[in-house]
Amino acid sequence: MPYASVSIVIPNFNGEAIIDRTLSAVRAAARVYPGPCEVVVVDDASTDHSVDLILERHPEVSLVRHQANAGFAEAVHSGVAHASHEVLILLNSDVMPSPEFIAPLVTPLTDEKIFATSPLVLDASGNPDFVSWTRYTLARGKLKSCPWTLEDVRRYRAEGRPLNGLYASGGSMAVRRERFRQLGGFLAIYKPFYSEDSDLGTRAWMRGWATCFVPESKVEHSSGSTINRLFQARQVRATRIRNQLIYLALYTAPRDFLLRHLPWILLRALTRLARLDTTMLLGLLKALGLAREIQDTRARIRASQPFKTLDLVLQDVTACR
């Protein structure tokens, strides 16, 4: 059977210490893959020597350069615009793929019902990361991840049940380019990072397009290592909280958000404040400052595609298991 043509898109910002190792692994995987495969690196206005390193050591890589730093989502969008193939693999610059990761990751995309796929993401110790298989419940103003083990994966497979999740991590996912474009890609409201991928997967589910976990495809990633290297820890935590709240406000009914979720969010913020931890309060205030933009974004989403609340989307994800 013919293999899909693949574009691997890698955003880079000041990745001099890691990009050579990553590109060496990605190029090795591209050589193993039987179909056409290109590697596109988008440099988001790096100030180190990573661009020189890429040009010198990986001249066959397509390099797109931003003159000003635009953030993760726009770096991905630039790579997608430059990509020439039908299937996209989005990889963070610190993700190390196994040589055979491409074929199993992209093969399920031949199914019209599949929007995106997620590989088995392992940490540096070889332990599975929860973002491989994104299973959640929603309660008290928070998406709570459902724990799973590789034994659960084997059991699902033995029972013939699909390994569907809410979304695939933007740092290691495969998606059809045309469908990524149909959804408008990642939303700018989450800039500079976090929650863009869960938002994208949620909007895909609203259209009946599933995300599935493909454990035969393996990558290694130390979660948050690039972000934590480039940004202060408090800023990272506050941004994560802000974007989680934006996501919740976009996809829960306004009445439910105010009555079911916001009281618990405020309680957690006050509890942390009592422990002299102001991070959640800071994230909440930042989200409240974007209230008008959240309202406008929600209206645009509802006008551009089928819309379901997050409760119903999570029911769809669970029903497919």
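Since this is a predicted model, take the numbers as computed values, not measurements.

K.L.:
Which residues make up the overall build of the protein, and what are the values?
P.N.:
A count of helical and extended segments in the protein gives 13 helices and 11 strands. The C-alpha atoms of the protein give a radius of gyration of 19 Å, which matches the 20 Å a tight globule of 321 residues would have. Seen through its principal axes, the protein has C-alpha atoms that stretch 55 × 50 × 40 Å. Each of the 321 residues in the protein was classed as buried or not, and the buried ones make up 54%. Summing over all exposed atoms, the protein offers an accessible surface of approximately 14,700 Å²; the carbon and sulfur share of this is 54%. Across the protein, the 39 positively charged side chains and the 32 negatively charged ones have centroids separated by 8 Å.

K.L.:
Please provide a residue-by-residue account of the pattern of salt bridges, values included.
P.N.:
For the coordinates displayed, the defined rule picks out 12 salt bridges. For Glu112, the salt bridge is made with Arg179, and the minimal N-O distance between the two is 3.3 Å. Of this pair, Glu112 sits in the loop between helix 4 (102–106) and strand 6 (114–122) while Arg179 sits in helix 6 (residues 177–182), placing them 67 residues apart in sequence. Note on Arg179: relative accessible area 10%, which makes it buried. Of the charged contacts in the structure, one is a salt bridge between Lys308 and Asp316, with a shortest N-O distance of 2.6 Å. On the basis of relative accessible area, Lys308 is assigned to the partly exposed category, the value being 29%. Residue Asp316 is classed as partly exposed on the basis of its relative accessible area of 23%.

K.L.:
Go over the pairing of strand 6 with me, naming the residues and quoting the values.
P.N.:
Judged by how many residues are buried, strand 6 sits mostly within the fold: nine of nine residues are covered. Examined bridge by bridge, strand 6 and strand 11 (residues 210–220) share eight bridges and lie parallel to one another. Bridge pairing in strand 11 links Thr117 to Cys212. Of the pairings in the sheet, the one linking strand 6 to strand 10 (residues 172–176) comprises two bridges and is antiparallel in character. Bridge pairing in strand 10 links Ala116 to Val175.

Rules used throughout
Residues numbered from 1 in each chain as written. Predicted model: local features only at pLDDT ≥ 70, side-chain atom pairs only at ≥ 80, totals over all residues. Heavy atoms only, no water. Helix = DSSP H or I, 4+ residues; strand = E, 2+ residues; numbered from the N terminus. Rg over C-alpha atoms; globule rule 2.2 N^0.38 Å. Buried < 20%, exposed > 50% of the residue type's maximum accessible area, 1.4 Å probe, protein only. Areas by Shrake-Rupley, 256 points an atom, 1.4 Å probe, with all protein chains shown as cover. Lys, Arg positive; Asp, Glu negative; His and termini not counted. Charge placed at Lys NZ, Arg CZ, Asp CG, Glu CD. Salt bridge = Lys/Arg side-chain N within 4 Å of Asp/Glu carboxyl O. Pairing = 2+ DSSP bridges.

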